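Residue-level listing of the chains:
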Amino acid sequence: MLSVKRPYLGELETAVMEHLWHCDSGDAKSVHHKVGIKREISLNTIQSTLERLFRKKLLGRQKVGHAYVYSAAIQRGELMSRLINDVVNTLSDGKSDYMLSAFVDFAARSDELSLDKLEQLIAERRAENSRDEET
Amino acid sequence: MSDYLGLMQLALFASVGFAFLAALISRIVYPLARKRLLQQAPARRANILLIWLLAPAFIGLLLTLLSLMPSFLSLMGGYQDHCNVHDGHLHLCLIHPPLPLNNITSWAFITLLGVMAVVFAGTVIFGLVRGYKLNKGLMMASRKHEKQDFRIVEWNGPLALSAGLHRMSVFISGQLMKNLTDKQLNVVLAHERSHAERKDALRQLFAHALSFAHIPWVRRSLLADMNLACEQACDEAAARIMGDRLLVADTIVSIERMYIQKPLSLSALSISGSDITARVESLVHDQHADSPSWRRYLILTGILLLIATFASVGELHHHTESILGFLTR
């Protein structure tokens with residue numbers, strides 16, 4: 001089991017992961033060619049990004065000749081679902097968060113009966129409005 | 001700087017005292033004012049509650065500055081130095097600053113205040129870091145909608161939220177998009193975008209960070225009321241945009257029902273703690289007092305209070321010195 005509890009990635013890290021998910025594997029030079037050149041980023045930066053992702057256990061690597069060949073150690077879907085679960089679990093702990101505002105409160109639930117009553121209230125008001133419009 | 005250590009100690013004690021007094025008055029007045037306040041239009045209510053939350057800290061600071069005003073005016077040469085009338089009385093004076101208080105009680109109190117400030121600031125910073133990380137996680141786990149200005153999160157639950165501090169982004173889960181009608185989806189988007197337009201995240205940050213002087217349970221109640229007011233203000237905005245209050249109410253109930261029908265394996269869900277009922281009833285009944293006289297009344301009261309305070313700056317200065325003298329004897 002990988003210990004990727006909060007795998008928040010920067011923009012370049014995400015781009016490198018996306019590239020490796022797409023191409024299966026690659027060494028620093030090939031990643032630099034696809035991801036680095038259009039961003040005007042040096043090979044060293046790509047190498048250190050790959051190293052960082054390897055340390056975060058998001059990439060695996062094998063030494064082929066003098067270079068490491070990197071591949072994704074976690075699939076895209078799994079990483080995304082971990083991220084979302086992390087967000088949802090944090091939202092559900094009931095603590096207020098200044099930077100997040102959910103349409104309905106994550107940490108508090110109404111019961112069926114209350115919702116039935118509210119639906120009835122809305123229906124009554126709608127009927128009332130229709131009657132007012134007719135008269 | 002060390003010459004002013006004593007003055008800074010006294011100014012700190014005075015501001016804590018004034019803030020505590022304001023918090024006590026808030027504790028007494030808020031339950032009486034709350035019913036009337038809840039009748040106000042949500043946007044105005046949210047503004048009043050924000051001011052109320054910040055009031056003790058600002059009153060503490062303002063009254064302390066005003067109590068130093070006579071001495072400041074003397075220093076500037078606009079007011080005759082009155083040190084000679086003090087005759088051994090503790091003196092809040094910038095020209096002849098008082099000696100530092102070196103007794104254990106004073107330093108213990110200052111240390112306690114320091115610890116409380118660090119804990120409170122730490123909590124706020126932790127909340128900011130947590131929010132930043134969640135926002136980053138959401139951005140990573142979502143993709144932009146092709147046509148509209150929101151992001152889609154591939155999650156099998158009914159997720160709809162806005163995240164960010166200065167620039168907020170709206171996130172909607174794929175499952176919610178599938179289960180809502182186009183009109184309902186537009187209600188959700190209008191509601192969430194209204195949070196961004198109103199800068200509700202910044203409002204919440206200021207409210208949490210600067211309401212430290214309130215009595216904790218009063219603070220909790222004020223924050224909960226402000227949160228409800230913000231949600232209702234966004235419901236009202238969505239109702240204006242869609243031209244149908246009942247559609248907004250209906251959407252809220254529909255989404256809440258999705259949560260109930262598909263229970264999430266979450267750690268701490270509380271039943272009936274939700275503000276759904278208050279929001280739906282507010283939309284259905286539409287009974288908010290929206291009279292402009294309230295604003296005029298508030299501004300007038302504020303101006304009168306300021307005039308009264310400025311008029312009695314001398315008295316305030318003298319009584320602050322007397323009370324501080326008594327407390328630090």
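Our structure's up above, just so we're on the same page.
Residues numbered from 1 in each chain as written. Chains lettered and ligands numbered in written order. Predicted model: local features only at pLDDT ≥ 70, side-chain atom pairs only at ≥ 80, totals over all residues.

1. So, the overall build of chain B
Thinking step 1. From N to C terminus, chain B includes 12 helices and 5 strands.
Thinking step 2. Counting every position in chain B, which comprises 329 residues, the buried fraction comes to 36%.
Thinking step 3. Contacts in chain B between residues far apart in sequence, at least 24 positions, make up 71% of those at least 6 positions apart. (Helix = DSSP H or I, 4+ residues; strand = E, 2+ residues; numbered from the N terminus. Buried ≥ 20, exposed ≤ 12 C-beta atoms within 10 Å, placed from the backbone. Contact = placed C-beta atoms within 7 Å.)

2. A short note on the nonpolar core
Thinking step 1. Ranked by internal contacts, the top residues of the largest apolar core, which has 83 residues, are Ala 160, Phe 171, Ile 172 and Met 226 of chain B.
Thinking step 2. A per-element tally of this core places helix H8 (residues 216-242) of chain B first, with 11 residues.
Thinking step 3. Each residue touching Met 226 of chain B, except ones within four places of it in the same chain, is listed here: Ala 46, Leu 49, Leu 50, Leu 53 and Ala 207 of chain B.
Thinking step 4. Formed by 15 residues, the second largest nonpolar core is a distinct cluster that contains Val 16, Val 31, Leu 58 and Tyr 70 of chain A. (Core = buried A, V, L, I, M, F, W, Y, C linked by C-beta atoms within 7 Å.)

3. Here's the deal with the sheet that holds strand S1 (residues 142-144) of chain B
Hydrogen bonds between backbone atoms are what pair the strands of a sheet, whose relative direction is either parallel or antiparallel.
Thinking step 1. Here we have 5 strands laid out as an open sheet, ordered S4(A)-S3(B)-S4(B)-S2(B)-S1(B), and mixed in their pairing. Strand pairing shows two members of the sheet lacking a second neighbour, strand S4 (100-102) of chain A together with S1 of chain B, which therefore form its edges. Neighbouring strand axes in the sheet, compared pairwise and without regard to direction, differ in orientation by 25 degrees on average.
Thinking step 2. Of the pairings in the sheet, the one linking strand S3 (residues 160-163) of chain B to strand S4 (residues 169-173) of chain B comprises 4 bridges and is antiparallel in character. For Ala 160 of chain B, the partnering residue across the bridge sits in S4 of chain B and is Ile 172 of chain B. (Pairing = 2+ DSSP bridges. Axes fitted to C-alpha atoms, helices over the stretch in contact; angles between N-to-C directions.)

4. Some remarks on the packing of helix H1 (residues 5-38) of chain B against helix H12 (residues 313-327) of chain B
All names here are of chain B.
Thinking step 1. Interhelical geometry of H1 versus H12 gives an angle of 100 degrees and a closest axis separation of 11 Å. The angle between H1 and H12 falls in the class roughly perpendicular. Residue-level contacts link Leu 10, Phe 13 and Ala 14 of H1 to Thr 320, Leu 324 and Leu 327 of H12.
Thinking step 2. Residue composition of the contact of H1 with H12, grouped by class: 5 nonpolar, 1 polar and no charged. (Parallel < 35°, antiparallel > 145°, perpendicular 65-115°, else oblique. Nonpolar A, V, L, I, M, F, W, Y, C, P; charged D, E, K, R; others polar.)

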